[in-house]
Amino acid sequence: MNCVKSSWDIVQAVKIWTLSSKLRSIVGRLLQGYAQRLFRYMGVTVVNTIVGQSVLFIFHAVIGLPGMLANACAVAISTIPAYLLSRNYVWEQPRGDHSVGGEIAPFWMLAFAGLALSTAVVGVVDGIFGGTWSVQIANASAYGTLWIVRFLVIEHLLWGCLLYTSPSPRDGLLSRMP
């Protein structure tokens, strides 16, 4: 067995180690920049899930609306506290003016994209299985699939700090805007 490495092997190992170090640095910066918002977003999600599922239960099980209509009403109602909590608690936007075109409309479009997906899923599940539990599980599953996508869209297009390539020639890594 030959244990002697050529200089080419050593150079390749250093390049891999350097690339690995840069990747760890990027991941570390992303986690550091997103951790607090992500945990707050999780908290808002818990509150929004409780509100949305409670309203869905009331409209579907108590009032007797069909699953799709009950789901649409639940999303429309639960989007209001979700918007306010996201804006003020997660992304800590200044209180006061709410831009319809720059904040409210994009947030509601994301919510109603989730509504379209969840309503389609709920409609299929309600038609096949029926029952409140299957409707609620279908609703939660559809929203769960969009959760991280919504976070990233809100972070990068609505209220968060955008990522940009650092002008520093020494690292060229992603860094957060001040």
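Fair warning: this is a prediction, and the values are worked out from it, not measured in the lab.

Undergrad: Would you mind going over the packing of helix α2 (residues 67-90) against helix α3 (residues 100-128) with me for this structure?
TA: The N-to-C vectors of α2 and α3 enclose an angle of 150 degrees; their axes lie 9 Å apart at closest approach. With respect to α3, the element α2 is oriented roughly antiparallel. Read as a crossing pair, α2 and α3 show a hand that is right-handed. In this structure, α2 contributes Gly-67, Met-68, Asn-71, Ala-72, Val-75, Ala-76, Thr-79, Ile-80, Ala-82, Tyr-83, Ser-86 and Arg-87 to the contact, and α3 contributes Glu-103, Ile-104, Phe-107, Trp-108, Ala-111, Phe-112, Leu-115, Ser-118, Thr-119, Val-122, Gly-123 and Asp-126. A per-class count over the contact of α2 with α3 returns 14 nonpolar, seven polar and three charged.

Undergrad: It is not clear to me how the confidence of the model for the protein should be interpreted in this structure. Could you clarify?
TA: Where the model shows low pLDDT, its predicted coordinates should not be examined in detail. Looking at the protein as a whole, the pLDDT averages 77, with 72% of positions reaching at least 70. At the low end of the mean pLDDT range in the protein sits strand β2 (residues 174-176), at 39; at the high end sits α2, at 88. Across residues 162-178 the pLDDT falls below 50, and counting only partners more than four positions away or on other chains, this stretch makes 35 contacts in the model.

Undergrad: Got a minute to help me understand the packing of α3 against helix α4 (residues 132-158) in this structure?
TA: A pair of packed helices can be characterised by two numbers: the angle between their axes and the separation between those axes. At their nearest, the axes of α3 and α4 sit 9 Å apart, and the two run at 155 degrees to each other. Taken together, the axes of α3 and α4 are roughly antiparallel relative to one another. Remark: the crossing between α3 and α4 carries right-handed chirality. Of the residues belonging to the contact of α3 with α4, the class tally is 18 nonpolar, six polar and three charged.

Undergrad: For this particular structure, what's the right way to read the packing of aromatic side chains?
TA: Where two aromatic rings form a pair, the distance of their centres and the angle of their planes describe that pair. In total, this model carries four aromatic pairs according to the counting rule given. Pairing Tyr-41 with Trp-147 gives two aromatic rings, centres 5.0 Å apart and planes at 35 degrees, and the pair type is tilted. Taken together, the residues Tyr-41 in helix α1 (residues 7-62) and Trp-147 in helix α4 connect sequence positions 106 residues apart. When the ring of Trp-108 is compared with that of Phe-112, the centres are 5.3 Å apart and the planes differ by 25 degrees; the resulting orientation is stacked.

Undergrad: What is the right way to look at the side chain of Glu-103 in this model?
TA: Relative to the assigned elements, Glu-103 resides in helix α3. Judged by its relative accessible area of 10%, Glu-103 is buried.

Parameters at a glance
Residues numbered from 1 in each chain as written. Predicted model: local features only at pLDDT ≥ 70, side-chain atom pairs only at ≥ 80, totals over all residues. Heavy atoms only, no water. Axes fitted to C-alpha atoms, helices over the stretch in contact; angles between N-to-C directions. Helix = DSSP H or I, 4+ residues; strand = E, 2+ residues; numbered from the N terminus. Parallel < 35°, antiparallel > 145°, perpendicular 65-115°, else oblique. Left-handed = near helix turned anticlockwise from the far one by under 90°. Contact = heavy atoms within 4.5 Å. Nonpolar A, V, L, I, M, F, W, Y, C, P; charged D, E, K, R; others polar. pLDDT = per-residue confidence, 0-100. Phe/Tyr/Trp six-rings, centres within 6.5 Å; stacked < 30°, edge-to-face > 60°. Buried < 20%, exposed > 50% of the residue type's maximum accessible area, 1.4 Å probe, protein only.

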